[in-house]
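Residues per chain are reported as follows:
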Amino acid sequence: MPKIVGVIGGGRMGSGIAQVFATAGAVVCLVEQDRAAAAAARDRVAMGLLRAGEKGKLTESPDAVLERLTLVDDVSGLPVDADLVVEAVPEDAALKVRVLAAAERSVGEATVLATNTSSLSIAGLADGLERPERFVGMHFFNPVPASALVEIVVGPRTAGSAREAARAWVAGLGKTEVVVRDSPGFATSRLGVLLGLEAMRMLQEGVADAAAIDRAMELGYRHPMGPLRSTDLVGLDVRLAIAEHLHRELGERFEPPRLLRDKVARGELGRKTGQGFFTWEAS
């Protein structure tokens, strides 16, 4: 496992990534500029650790794990000797390029930089880096502590040593990796988004209600979660952004349905707002 890990972005994904590395024994530095967002991120990690402890999934107390987490308000505060830095900011290519370049300037030459992007080009994000061979995609899934999968995305300039380090770290977290070549949507988003968009079209056309569409995939195809509930967990705004990117890159089959656009415009973003394709209680 890496001894020192940086995580940039304290949202659900970033805080989940911070939690799993801290649980595995790493010292974690979490970057979140906004003070309120930083407090919320720490609370998410603390609550996640408490729940893990209650389920008997920790080998030490939640407080002991939490002591390995520090928060800083700027990328320049990342430890110079970090083994790994994972970027987990919103799916905005320009933002990610700026954040990754700033992170590279703040850490040592041996640090592996990783992006948690679910669809953006690894090659494109690497264009702003001085050491693209130390850059790799590490696509975690929500919720990070419970998910068994990490998609490792290898760009055209990613060195074999960076790829193998990422594979070893995923194994050290007790998760399973799939290694894919850099391409629009990689493997998981490309398939998952396509299924989700078709489910939305079916709902829009009145083929069945949301619960029935999801139940059909859960029971008929043994999916652990239906495509509409999964979209609620990911966030309808996130899914729309990914679909728009894949639509530009891969064509009409990824065109977002009107239903998705309308829900995002109304602020119905899924679990995080309490309403998406389903109604959610505050957590």
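Structural data are supplied above this passage.
Just so we're clear, the structure is a prediction, and the values are computed from it rather than from any experiment.

S.K.: Tell me about the overall build of the chain, residues and numbers included.
M.R.: Of regular secondary structure, the chain possesses 11 helices and 8 strands. Over its C-alpha atoms the chain spans a radius of gyration of 19 Å, differing by no more than 12% from the 19 Å that the globule rule assigns to 283 residues. Counting only C-alpha atoms and orienting by the principal axes, one finds that the chain spans roughly 55 × 45 × 35 Å. Relative to all contacts within the chain whose residues are 6 or more apart in sequence, the contacts with residues 24 or more apart total 67%. A total of about 13300 Å² of accessible surface is found on the chain, and carbon and sulfur atoms cover 52% of it. Of the charged side chains in the chain, 33 are positive and 37 negative, and the gap between their average positions amounts to 3 Å.

S.K.: Run through the nonpolar core, naming residues and quoting values.
M.R.: Nonpolar side chains tend to gather and get buried jointly when the protein is soluble and globular. Of all hydrophobic cores here, the largest spans 34 residues; its most connected members are Ile17, Phe21, Val28, Leu84, Met138 and Phe140. For leucine 84, the residues in contact, after removing those within four places along its chain, are Ile4, Val5, Gly6, Phe21, Thr111, Val112, Ala114, Met138 and Trp169.

S.K.: Requested: an account of helix α7 (residues 188-204), with residues and values cited.
M.R.: With 17 residues, α7 extends 24 Å from end C-alpha to end C-alpha; this agrees with the ideal 24 Å at 1.5 Å per step. Those residues of α7 lying buried are Ser189, Val193, Gly196, Leu197, Ala199, Met200 and Arg201. Lining the buried residues of α7 we find β6 (135-140), α8 (210-220), α9 (227-234), α10 (236-250) and α11 (258-265). After α7 finishes, the residue glycine 206 shows a positive phi value of roughly 75°.

S.K.: Tell me about the packing of aromatic side chains, residues and numbers included.
M.R.: This model, assessed by the stated rule, comprises 1 aromatic pair. Centroid distance phenylalanine 21 to phenylalanine 140: 6.3 Å. Interplanar angle 70°. Geometry classified as edge-to-face. Of the two residues, phenylalanine 21 is situated in helix α1 (residues 12-23) and phenylalanine 140 in strand β6; the sequence distance between them amounts to 119 residues. Here phenylalanine 21 matches phenylalanine 140 in class, with each residue buried. In this arrangement the basic side chain of arginine 229 is found over the ring face of phenylalanine 278, its NZ or CZ atom lying 4.3 Å from the centre.

Here is what the cut-offs are and how they apply
Residues numbered from 1 in each chain as written. Predicted model: local features only at pLDDT ≥ 70, side-chain atom pairs only at ≥ 80, totals over all residues. Heavy atoms only, no water. Helix = DSSP H or I, 4+ residues; strand = E, 2+ residues; numbered from the N terminus. Rg over C-alpha atoms; globule rule 2.2 N^0.38 Å. Contact = heavy atoms within 4.5 Å. Areas by Shrake-Rupley, 256 points an atom, 1.4 Å probe, with all protein chains shown as cover. Lys, Arg positive; Asp, Glu negative; His and termini not counted. Charge placed at Lys NZ, Arg CZ, Asp CG, Glu CD. Core = buried A, V, L, I, M, F, W, Y, C linked by side-chain atoms within 4.5 Å. Buried < 20%, exposed > 50% of the residue type's maximum accessible area, 1.4 Å probe, protein only. Expected span 1.5 Å × (residues − 1). Phe/Tyr/Trp six-rings, centres within 6.5 Å; stacked < 30°, edge-to-face > 60°. Lys NZ or Arg CZ within 6 Å of the ring centre and 35° of its normal.

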